[in-house]
Amino acid sequence: MKKIVKVCGMTEARNIREVEQLGVDMMGFIFYPKSPRCLCQMPEYLPVAARRVGIFVDESKENILMYADRFGLNYIQLHGKESPAYCRSLRRCGLHLIKAFPVAQPKDLRGVSAYDGLCDYYLFDTKSPQHGGSGNLFDWNLLLCYNGSTDFLLGGGINPYSAEAIRKFRHPRFAGIDINSRFETSPGIKDTERIERFLKKLF
């Protein structure tokens, strides 16, 4: 089965269009004011073929619904301490969810099962103070402890040299990858050629 490729932290219209033309599956837009990749205003172009993912950190339900409508979001990605009950309430509004979990040691996976059935995907990311975008890898072998029923995306520091390790990684719920800071020329601006070379190595 073909793996999902999600490019996160997009901000600029021309860059969005160029990355979409590479055939990626999802594009992430960060609506967290403390992020250097925060999307502060509506770009002149938003993806049509790639699915739009809005990234939020402990945001109010009302604001998420507003952004989902305004930006035509296909998925809501939650990067904070959102509870299972909160996820359930968003699902009742018809939203599709990706819940991010920072991973640094086996115990970080203990609470994941509480979200089974509430999310379309999980995102396992590197634990960092800034809620993602750290550029650092975590030990993917920790995910061998995960035996849940929800498919997951692999994030956290994936770089142009990670293709071989991704091809070798095996898990029955491994659905795809999330790339961000290691493919940038500056925060929020992706290096299209670097991504294209990486995708050719990956598949």
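Residues numbered from 1 in each chain as written. Predicted model: local features only at pLDDT ≥ 70, side-chain atom pairs only at ≥ 80, totals over all residues. Heavy atoms only, no water.

The condition is simple: UniProt positions are given in the numbering used here, feature names are shortened, and annotations may be inferred rather than shown by experiment.
As annotated in an unreviewed UniProt entry, the chain carries the name N-(5'-phosphoribosyl)anthranilate isomerase and is attributed to Prevotella heparinolytica. Reading the Sequence similarities (unreviewed entry) entry of the UniProt record for the chain gives the comment "Belongs to the TrpF family." Its UniProt record, at the heading Catalytic activity (unreviewed entry), says of the chain: "N-(5-phospho-beta-D-ribosyl)anthranilate = 1-(2-carboxyphenylamino)-1-deoxy-D-ribulose 5-phosphate".

## Quick word on the sheet that holds strand 2 (residues 26–30)
Two pairing modes exist for strands in a sheet, parallel and antiparallel, and in both the strands are linked by backbone hydrogen bonds. For the record, the criterion: Note: two strands are recorded as paired if DSSP finds a minimum of 2 bridges between them. Strands here mean DSSP runs of E at least two residues long; helices mean DSSP runs of H or I at least four residues long; both are numbered from the N terminus. An axis is simply a line fitted to the C-alpha atoms; with a helix, the fit covers only the stretch in contact. Between two such axes, the angle follows the N-to-C directions and lies from 0 to 180 degrees. Should any heavy atoms of two residues lie within 4.5 Å, those residues are counted as being in contact.
Around the barrel, eight strands lie side by side as 1-2-3-4-5-6-7-8; this closed barrel has parallel pairing. Averaged over all adjacent pairs, the angle separating strand axes in this sheet is 30 degrees, with direction ignored. In terms of strand pairing, strand 7 (residues 152–154) meets strand 8 (residues 174–179) through three bridges, oriented parallel. Along strand 8, the bridge assignment pairs F152 with F174. In the packing of helix 3 (residues 84–92) onto the sheet, contacts are made with strand 4 (75–78) and strand 5 (97–103), and the angle to strand 5 comes to roughly 160 degrees.

## Structural notes on the packing of aromatic side chains
Filter applied, for reference: Any pair of Phe, Tyr and Trp rings, taking the six-membered ring for Trp, is counted once the centres come within 6.5 Å. Such a pair is stacked with planes under 30 degrees apart, edge-to-face with planes over 60 apart, and tilted for the rest. Here the term buried applies to any residue with accessible area under 20% of the maximum for its type, exposed to any over 50%, and partly exposed to those in between, with areas from a 1.4 Å probe on protein chains only. Throughout this description, the term charge over a ring refers to an Arg CZ or Lys NZ atom that lies within 6 Å of the ring centre and within 35 degrees of the ring normal.
By the definition in use, this model includes 19 aromatic pairs. Ring centres 5.8 Å apart and planes at 70 degrees place the aromatic pair W140 and F169 in the edge-to-face group. Linking W140 in the loop between strand 6 (121–126) and strand 7 with F169 in the loop between helix 4 (163–168) and strand 8, this pair joins segments that are 29 residues apart in sequence. Of the two residues examined, W140 and F169, each falls in the buried class. A connected cluster of aromatic rings, assembled from ring pairs, spans F101, Y115, Y122, F124, W140, Y146, F152, F169 and F174. Positioned above the aromatic ring of Y45, the side-chain terminus of R17 is 4.0 Å from the ring centre. Here K99 stacks its cationic end above the ring of Y115, 5.8 Å away from the centre of that ring.

## Details of the pattern of salt bridges
Definition in use: By convention in these notes, a salt bridge is any Lys or Arg side-chain nitrogen within 4 Å of a carboxyl oxygen on Asp or Glu.
A full pass over the atoms with the stated rule returns eleven salt bridges. E184 is the partner of K190 in a salt bridge, and the nearest nitrogen-oxygen pair spans 2.8 Å. Of the residues examined, K190 reaches a relative accessible area of 3% and is grouped as buried. What you see here is one network of salt bridges that share partners, running through R37, E184 and K190.

## Brief notes about the nonpolar core
As a reminder of what qualifies: Joining through side-chain atoms within 4.5 Å is the link that ties buried Ala, Val, Leu, Ile, Met, Phe, Trp, Tyr and Cys residues into a set, and such a set is a nonpolar core.
Grouped together as the largest cluster of nonpolar side chains are 54 residues, with contacts concentrated most on I76, Y122, F124, I177 and F198. Per element, the largest residue contribution to this core is four residues, and it comes from helix 5 (residues 192–202). Apart from the residues lying within four places of it in its own chain, the contact partners of Y122 are I98, K99, F101, V112, Y115, D116, Y146, T150, D151, F152 and L153. C8, M26, Y32 and I98 belong to the second-largest nonpolar core, a separate cluster that totals 15 residues.

## Concerning unusual backbone geometry
Look at D58: it is not a glycine, yet its phi comes out positive at around 50 degrees. You can see D58 is positioned in the loop between strand 3 (51–56) and helix 2 (61–71). Among the residues examined, D58 registers a relative accessible area of 46% and is labelled partly exposed.

## Some words on the environment of K107
Among the secondary structure elements, K107 is positioned in the loop between strand 5 and strand 6. Given the relative accessible area of 44%, K107 is considered partly exposed. As for K107 and Y86, which are separated by 21 residues in sequence, their C-alpha atoms are 22 Å apart.

## Brief notes about the environment of G155
Structurally, G155 is set in the loop between strand 7 and helix 4. G155 has contacts with L123, F124, D125, T126, F138 and D178, leaving out every residue within four places of it along the chain.

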